[in-house]
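Observations on the three-dimensional arrangement
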2 protein chains.
Amino acid sequence: MRSQWIWHKNELTYCLYNKVMNRRREKNVKVLCCWQLPQVCPSVKFMRYFELAKTTEIRIRANGTVSVRVDDCPHYMYDFAGSVTLPAGRHVLLAEVYNPADLPCLFVEGEGCESGAEWISNCGNGKWIPCECGGFYDPARVPSCCTLPVRRVQPVACARAEAKNGSSGLLYDFGRELFAYPVIEGIRGSGELPVNYGESEDEALDPVHSELSDTFPVGDSPVYTANLTKAFRYIFVPQGENIPSFGSLSCNEEYYPVRTRAKFTSSDELLNKIYKTAEYTLELTSREFFLDGLKRDRWVWAGDTLQSEWMSLYSFFDCALIRNTLVALLGKDKFEQHINGIMDYSFYVIWGVWEYYRYTGDRRFVEEVYPRSLELYNFCKSRTNANGFMQKINNEWVFIDWADFSTDGELCAEQMLLYKATCAIAAMEELLGIATGAGRAREAETLREKIDKTFWTGEGYAHDTAGHPVTRYANIFAVLMGFCSQAQAKIILEKVLLNDSVLKIKTPYMKFYEMSALAELGRADKMLEIIKSYWGGMLAEGATSFWEEYDPAVKGAERYAMYGRLFGKSLCHSWGASPVYLLGRYLVGLRPEQDGYKTFVLRPFLDGKTYFEAELPAGEGSVQVTYRKGLLRVYSSAAPGRLELEGKEFFIEAGKAFELCLKD
Amino acid sequence: MRSQWIWHKNELTYCLYNKVMNRRREKNVKVLCCWQLPQVCPSVKFMRYFELAKTTEIRIRANGTVSVRVDDCPHYMYDFAGSVTLPAGRHVLLAEVYNPADLPCLFVEGEGCESGAEWISNCGNGKWIPCECGGFYDPARVPSCCTLPVRRVQPVACARAEAKNGSSGLLYDFGRELFAYPVIEGIRGSGELPVNYGESEDEALDPVHSELSDTFPVGDSPVYTANLTKAFRYIFVPQGENIPSFGSLSCNEEYYPVRTRAKFTSSDELLNKIYKTAEYTLELTSREFFLDGLKRDRWVWAGDTLQSEWMSLYSFFDCALIRNTLVALLGKDKFEQHINGIMDYSFYVIWGVWEYYRYTGDRRFVEEVYPRSLELYNFCKSRTNANGFMQKINNEWVFIDWADFSTDGELCAEQMLLYKATCAIAAMEELLGIATGAGRAREAETLREKIDKTFWTGEGYAHDTAGHPVTRYANIFAVLMGFCSQAQAKIILEKVLLNDSVLKIKTPYMKFYEMSALAELGRADKMLEIIKSYWGGMLAEGATSFWEEYDPAVKGAERYAMYGRLFGKSLCHSWGASPVYLLGRYLVGLRPEQDGYKTFVLRPFLDGKTYFEAELPAGEGSVQVTYRKGLLRVYSSAAPGRLELEGKEFFIEAGKAFELCLKD
């Protein structure tokens, strides 16, 4: 067996979570995360019972200090120098690793007791559990210090430019949004080299108001390599008498080495460009975890990650990334506040656990995170008001969306999320054979009836119980959660979703849900139309990745501003990538029927003009769908499924192409 | 106002707790703590609203990186270089401090916004609370890096000696147990200098089996100073060809700078020596926290610390140390195991909180730790069996004492501790005006009746429900907790405590409770007799501090052995210091009547031969008691009280000497 690094369950995830969450900068100022992070346990005990075939030298190394105890010796090994030689036979080895600054982990070589999944570990809570490993076979590379790989990227253009503050210098354009750090070569002279980053040209040329800049102390060597990855497309470097000169500026781009498992091309070139840009946006924000945005916050927000999860399930199908993000968000401390400090976000995490299971059938993960999900759920329930409803407590953050509406009191959207979380917990319990599941499912139904009775106005669900005007949020959720009747859904479509007098949605974030709801209600045509105008609008503004917020009405310098800052807006934001999901789920029309894509349903949207060729992940296999004039072809490599088309159903056998001639 | 270091509530305590708990060594091998420690939060936000009288330069320094935000500026201060100048008027300042390796803390200078108790802080859990400070006024000395002071100590003797392993060298005797590290001067030559420590001469002269040794790399300088404090009275340094020679060896003794508030001398010289040695033992084990023993474990065990707490309340009256120890033990993580992993120890912590209040009247502290105490209590309750009793789960540790008895099933002693904890929680709730208090007090009484019914045999309380022979533990607790009737107590005294056929107690730990019970039952004479024979026995063995375990029957080399190791026994163990408590509470006879010594009761034991002169702390003031032939004199500096003597009561006015002529 090959030895590999081992650590205590989930601790590598917590360690990376801490590292990633502390990389946010404004200019070069560190900005601390505004919620509590699960701390890495500095002391871990590792143990293994094993049998040696012959006398064996066992080599032990650790990230941290290590103390070793062998068999029934009543004390630790004195003067332990990295190895111990044991005779053939049964043994037990205990290794205590201490590292207050990084992940305590262990690497043991020696035939018969190699470090790997056979070891157990204990972080001091009295419970020995199987330790975790993940294919880190190089003893010289500690898992927690492994970073994402980098590749060299050259600018596509470089020109002299004048910055807004009067300085003149060189403007480098890398042609697309990057997550990278500069490499400067051929340095002559020494001193401080200021560098200004911009997601837009405007930002790069405004060193005073830009969000990110650096001052590099160069000159000791002809090459200077920065060390913290930042988000930009442009870099401006002023030139002048006191500034060292240099030969070239390129970048090390940090990339996430995962390949998409989806393909999508259509007869509509704009749609193709939107899909590619969305896919690229998701690729950029998929890193150690799903990040919200690259320029800021570079944080793991649950609202953003639930959408990233769905997008990934239609493209990269990156199960490990989804699991890691959920484990990080669930954390390990006693819940004292909502996930990310936001009420809705607690519910999104619980929902996200269940959605992950729906698409992957990964029962073991549900088993692992159910106790923590239940704790979170109980925390939420402990904060319901006398009415059994969720309601803002003190100055708690209720988000829903960046928009101008009341978040005080009993919001309908929050109650629906509570309902959805109750359903998810009930479903996990049913899956795991936990007796409370059935009662919880009834509880969810009672809650549903109560919410319906309290908020349904006859013309959609009310925003809250305080009489504020109807908003879209709860109505969108009602459709997506299967919360309301078909008759109610029809009213919602007409009176709310297609009603221009209801407060409009401006963020790509809530657009994700709005487009989904439209498509669920049979208006994929409308969804396509909006995708082309809204996301197409960003492309027309020069976007190479999709934005945090976009209002087609706002033009000029204003379009980059947010949070009272000229360039506060993130131009590469995960929640902007929803076309990846929307086109997969509602144009191609694929979704799992039985959990984990044991079977699938396909409901393609065939409009007689948007022809497409797509391949989407479906568990281990994929489903290929080709729509050409007069023909629909479906091929599923692994799972059988059903094709639903105009009220008819067709059975799709796995591994066998299905073709249907279409009128038109 | 003077600026001082500030930090987030309790975090300095957690930081020191981690540092202290990771100093345990065997030889020079690190031994990790076997329970989970509360981790220091690496990210803390500090904030203050303030008003400046004039334009002021505000200087900000932090232990860690700091980011600063001022007033309504929508971003952090770029290029912050340690200070910001603000005009007169109202302001708000936010400083985010990040330190993943040590305590994040802050020091702010500038008239009107000095760092101090006016600041609030937030560790990311969404709650702003008043920050903590503790008189650290020196900006150059970060609180978490402050260590206890040291003083130079010279050996009282040095002689040539032969060690057991055949090496010959120098044996230094420091005359008493020390917590110190060597300073070696006048070094000639360079290389490795082995040093072997011993609490006993035997241990120092057995470098192979001793518990602590070091190998110092000397020679770069003529002076070498070690850096980790260890426990010893003797040091043996071998001499030989390959070993560097040196001029002198002395020690830096780390000491805890607190003075006793008690005085005790008696007409019995042995008793005086026992008292002094006990007081010295407690002084040595009182450090950043109450430690169990100096050689090992150097850990904070709740069973040991409850006794240290009581002892301190009769000597040093060190409220801060008691509070810090309780806060560290209560921790902040979700309870997944008992305190220290031991069932009884959870109950001792809850009991300890209430005892602290009884002696100090510190309501604010109860308010602070009640939520955490309740969580711990609820954790215990969640582990009761179908019968409502505590019972070992899996391989959980049930300690009670180092002795040979069954700890499986329903032990009477554990149920009594559960009862006591229920009473303590009920009392805290009554004190804080929490409505559940009264119900909880009734619950405690119901539990008491049930325990009494289940375990009372007519000849004492049974050890368990499994029919094992009666042991002393539960019976001792019954007396100390006021659990049983006077008639039952009488039976316990005769049939259990004074019955030599009942399993004897060998640890000073359980002797603490046994002696207390004897004295409570009117047998202070017996208590005195045992103190003199048992603790006197250790003195006769050459003890300069009291031991972890002592069996008068064991002689020779065996007396230092424990845990299967020749010198495993700790010869300076906190629980050995109980005479400090026993003599104060049962010979002098002082205890609080109203909480916090608003009034006291004095029940001196006057045997007509053990005359004494004592002064004991009683809240802010003290109570002096002088017992001479024919005379008892009492003077209380602050609190009024009652003297109880032979069924009579005398009122003692504060600030006024009271004298009573005695027959005999």
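Calculation criteria
- Residues numbered from 1 in each chain as written.
- Chains lettered and ligands numbered in written order.
- Predicted model: local features only at pLDDT ≥ 70, side-chain atom pairs only at ≥ 80, totals over all residues.
- Heavy atoms only, no water.
- Domains from an automatic or database assignment.
- Contact = heavy atoms within 4.5 Å.
- Buried area = accessible area lost by both parts, 1.4 Å probe.
- Polar contact = N/O pair within 3.5 Å; in protein donor to acceptor, adjacent residues only side chain to side chain.
- Pairing = 2+ DSSP bridges.
- Helix = DSSP H or I, 4+ residues; strand = E, 2+ residues; numbered from the N terminus.
- Axes fitted to C-alpha atoms, helices over the stretch in contact; angles between N-to-C directions.
- Buried < 20%, exposed > 50% of the residue type's maximum accessible area, 1.4 Å probe, protein only.
- Salt bridge = Lys/Arg side-chain N within 4 Å of Asp/Glu carboxyl O.
- Lys, Arg positive; Asp, Glu negative; His and termini not counted.
- Expected span 1.5 Å × (residues − 1).
- Least-squares fit on C-alpha atoms with pLDDT ≥ 70 in both.

All names here are of chain A. Domains assigned within chain A are domain 1 (11-145), domain 2 (150-254), domain 3 (263-502) and domain 4 (590-661). On a C-alpha basis, the centroid separation for the pair domain 1 and domain 2 is 40 Å. Taken residue by residue, the interface counts five residues in domain 1 and 11 residues in domain 2. When residues of domain 1 are sorted by the area they lose upon contact with domain 2, Arg-25, Lys-27 and Asn-28 head the list and together hold 81% of the total. In this assembly, domain 1 and domain 2 are joined by four residue pairs in polar contact (both at pLDDT 80 or more).

Right, let's talk about the sheet that holds strand 22 (residues 590-594) of chain A for a bit. Each strand in a sheet pairs with its neighbour through backbone hydrogen bonds, running either in the same direction (parallel) or in the opposite one (antiparallel). Residue and element names in this part refer to chain A. Strand order in this open sheet of four strands is 22-23-27-28, and the pairing throughout is mixed. Looking at strand neighbours, the two that pair on one side only are strand 22 and strand 28 (648-652), the edges of this open sheet. Mean inter-strand twist for the sheet, computed between neighbouring axes without regard to direction, equals 25 degrees. With four bridges joining them, strand 22 and strand 23 (residues 599-602) adopt antiparallel strand pairing. From the neighbouring strand, Gln-594 faces strand 23, where its bridge partner is Thr-599.

All names here are of chain A. The linkage connecting Arg-296 with the following residue, Asp-297, adopts the cis geometry, with an omega of 5 degrees. Mapped onto the elements of the fold, Asp-297 is located in the loop between helix 3 (269-285) and helix 4 (302-313). Even without a glycine there, the phi angle at Asp-79 is positive, about 50 degrees. In this model, Glu-646 sits at a positive phi of 45 degrees, which is unusual for a non-glycine residue. By relative accessible area, which is 74% here, Glu-646 ends up exposed.

A word on the interface of chain A and chain B. Each partner contributes residues to the interface: chain A has 46 residues there, and chain B has 46 residues. Taken over both partners, the interface formed by chain A and chain B buries close to 3,700 Å², and the fraction arising from carbon and sulfur atoms is 53%. Taken as a group, Leu-32, Tyr-78 and Lys-334 of chain A account for 16% of the area that chain A buries against chain B, more than any other trio of residues on that side. At the boundary of chain A with chain B, the tally comes to four salt bridges. Put simply, Lys-334 of chain B and Glu-375 of chain A hold a salt bridge, and the shortest N to O gap is 2.8 Å. Our count for the chain A to chain B interface comes out at 22 residue pairs in polar contact (both at pLDDT 80 or more). Elements supplying a minimum of two residues to the side of chain A that touches chain B: strand 3 (29-30), strand 4 (43-52), strand 6 (65-70), strand 8 (89-98) and helix 7 (363-381) of chain A.

Residues and elements named next belong to chain B. Within the fold, Arg-48 resides in strand 4 (residues 43-52). For the buried Arg-48, no salt bridge is present, and the opposite-charge side chain at shortest range is Glu-118, 4.1 Å distant. Among the polar contacts listed, one links the side chain of Arg-48 to the backbone oxygen of Gly-112, at a separation of 3.2 Å. At 2.8 Å, the side chain of Arg-48 forms a polar contact with the backbone oxygen of Glu-114. Dropping the residues within four chain positions of it, Arg-48 is found in contact with His-91, Val-92, Leu-93, Gly-112, Cys-113, Glu-114, Glu-118 and Trp-119.

Along the chain, the position of Gly-564 of chain B falls in the loop between helix 13 (524-540) and helix 14 (579-588). With 168 residues separating them along the chain, Gly-564 of chain B and Glu-396 of chain B place their C-alpha atoms 22 Å apart.

Attention shifts here to the environment of Ser-315 of chain A. Residue and element names in this part refer to chain A. Mapped onto the elements of the fold, Ser-315 is located in the loop between helix 4 and helix 5 (319-330). The exposure class of Ser-315 is buried, given its relative accessible area of 0%. C-alpha of Ser-315 to C-alpha of Arg-261: the two residues are 54 residues apart in sequence and 5.5 Å apart in space. With residues up to four places along the chain from it excluded, the contact list for Ser-315 reads Thr-260, Arg-261, Ala-262, Leu-282, Val-580 and Pro-617.

Take helix 6 (residues 343-360) of chain A next. All names here are of chain A. Given a rise of 1.5 Å per residue, 18 residues ought to cover 26 Å, and the 27 Å separating the end C-alpha atoms of helix 6 matches this to within 8%. Within helix 6, 17 of the 18 residues are buried, leaving the element largely enclosed by the surrounding structure. Gly-361 sits one or two residues past helix 6 and shows a positive phi near 65 degrees.

Between chain A and chain B, which share one sequence, the superposing operator has a rotation angle of 180 degrees and an axial displacement of 0.0 Å; the RMSD is 0.0 Å. This pairing of chains is accounted for by a two-fold axis. The share of interface residues of chain A whose copies in chain B are also at the interface is 100%, consistent with both copies meeting through the same surface.

The full count for this structure, using the stated rule, is 112 salt bridges over all chains. Measuring nitrogen to oxygen at the nearest pair gives 2.8 Å for the salt bridge that ties Glu-11 of chain A to Lys-332 of chain A. Here Glu-11 of chain A, found in helix 1 (residues 11-21), pairs with Lys-332 of chain A, found in the loop between helix 5 and helix 6; they are 321 residues apart in sequence, far enough to count as distant. Since its relative accessible area comes to 25%, Lys-332 of chain A is described here as partly exposed. For Arg-642 of chain B, the salt bridge identified is with Glu-593 of chain B, shortest N-O distance 2.2 Å. Remark: Glu-593 of chain B occurs in strand 22 (residues 590-594) and Arg-642 of chain B occurs in strand 27 (residues 641-645); sequence separation between them is 49 residues. Residue class for Glu-593 of chain B comes out partly exposed when judged on its relative accessible area of 34%. It is possible to trace a salt-bridge network through shared partners that takes in Arg-24, Glu-26, Glu-211, Arg-296, Asp-297, Glu-548 and Arg-565 of chain A.

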